[in-house]
Amino acid sequence: MKKYLLAIAFITSSTTSFAEPLLDGKAYAGASVGMINTMGNERCSDTQHDCMNWKLYGGYKLNQHLALEAGYYKLMDSDIDMVDATGRVTDTYNTSRKGLAASAVGSMPLGSRSEVFAKVGIISTSKDIDYKNSLTADSTSSAADVLYGVGASMNLTSNWAIRGEYEGVKADSKFDD
């Protein structure tokens, strides 16, 4: 059965993200936490969903205006109760989403300590479904979609920066089951 991923938006604009420049400011690594907003069957307002997401990322600045970046994304966990017509729980399953991304990041310095940036790339996401109480087979599906984002960063010291960003996924593809 084909499952459609209508949209996933990573809302990390209120996220704290720390990046540490490495190798004379060329390579960098960081971590980020935020909230995910979804459209479709899995709503973050539902108490069965854990919509806190995080990512680990690293990149290499080719020059002052262009970097290549890769990241691992932990997107969402859900424990869903399946109920029959009488309201009795018949099964429970866990849905987990994660992804790997690669993107090009264009930046424009705003003085010596801060910059704004935009990114575009690709993210490969997977969805794992694990049933707990039934004979229904567990499943894994995957999709590859366009990743985009905008943000700003500010150097706190020569080795530490803080970064805020918004990332989105144009997810028109179907999950392969």
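Residues numbered from 1 in each chain as written. Predicted model: local features only at pLDDT ≥ 70, side-chain atom pairs only at ≥ 80, totals over all residues. Heavy atoms only, no water.

As for the nonpolar core
Counting eight residues, the largest nonpolar core is built from Ile-36, Tyr-73, Leu-75, Met-76, Ala-101, Ile-123, Leu-147 and Val-169. If one sorts the elements of this core by residue count, strand β7 (residues 66-83) sits on top with three residues. Listed in part, the five residues of the second largest apolar core include Tyr-57, Ala-67, Val-105 and Phe-117. (Core = buried A, V, L, I, M, F, W, Y, C linked by side-chain atoms within 4.5 Å. Buried < 20%, exposed > 50% of the residue type's maximum accessible area, 1.4 Å probe, protein only. Helix = DSSP H or I, 4+ residues; strand = E, 2+ residues; numbered from the N terminus.)

A look at the pairing of β7
Residues in a regular strand point their side chains to alternate faces of the sheet. One ladder, built from eight bridges, connects strand β6 (residues 52-61) with β7; its direction is antiparallel. Residue pairing in the sheet places Leu-56 in a bridge with Tyr-72 of β7. Taking the residues that link successive antiparallel strands as the turn, the β6-β7 hairpin has four residues. The sheet contact formed by β7 and strand β8 (residues 89-109) spans 17 bridges and is antiparallel. Each residue of the ladder has a partner; that of Met-76, found in β8, is Arg-97. What sits between the antiparallel neighbours β7 and β8 is a turn of five residues, in which Gly-87 has the positive phi angle 90°. (Pairing = 2+ DSSP bridges.)

Observations concerning the environment of Asp-81
One can find Asp-81 in strand β7. Separated by twelve residues in the primary sequence, Asp-81 and Tyr-93 have C-alpha atoms spaced 6.7 Å apart.

Side note on the pattern of salt bridges
For side chains of opposite charge, pairing can occur when their charged atoms come near one another. Scanning all chains against the criterion turns up eight salt bridges. Of the charged contacts, one joins Glu-69 and Lys-119 as a salt bridge, the two residues approaching to 2.8 Å between their closest N and O atoms. On the criterion of sequence distance, the pair formed by Glu-69 in strand β7 and Lys-119 in strand β9 (residues 114-131) is long-range, its members being 50 residues apart. Across the pair, Lys-119 and Glu-69 agree in class, each one buried. Ionic pairing is found between Glu-167 and Lys-119, a salt bridge with its closest N-O pair at 3.0 Å. In this pair, Glu-167 is assigned in strand β11 (residues 161-170) and Lys-119 in strand β9, connecting sequence segments 48 residues apart. (Salt bridge = Lys/Arg side-chain N within 4 Å of Asp/Glu carboxyl O.)

What about the environment of Tyr-131?
Relative to the elements of secondary structure, Tyr-131 occurs in strand β9. Expressed as a C-alpha distance, the spacing of Tyr-131 and Asp-91, which sit 40 residues apart in the sequence, is 7.3 Å.

Here we look at the environment of Asn-155
With respect to the helices and strands, the residue Asn-155 is situated in strand β10 (residues 139-155). It is 8.9 Å that separates the C-alpha atoms of Asn-155 and Glu-115, two residues lying 40 residues apart in sequence. Sequence-distant contacts of Asn-155, that is, excluding residues within four places in its chain, are made with Ser-112, Arg-113, Trp-160 and Ala-161. (Contact = heavy atoms within 4.5 Å.)

Comments concerning the confidence of the model for the protein chain
When pLDDT is averaged along the protein chain, the result is 76, and 70% of the positions lie at 70 or above. When mean pLDDT is compared element by element in the protein chain, β6 scores highest at 90, while strand β1 (residues 3-4) scores lowest at 31. Confidence drops under pLDDT 50 across residues 1-16; counting only partners more than four residues distant or on other chains, this segment forms 62 contacts. (pLDDT = per-residue confidence, 0-100.)

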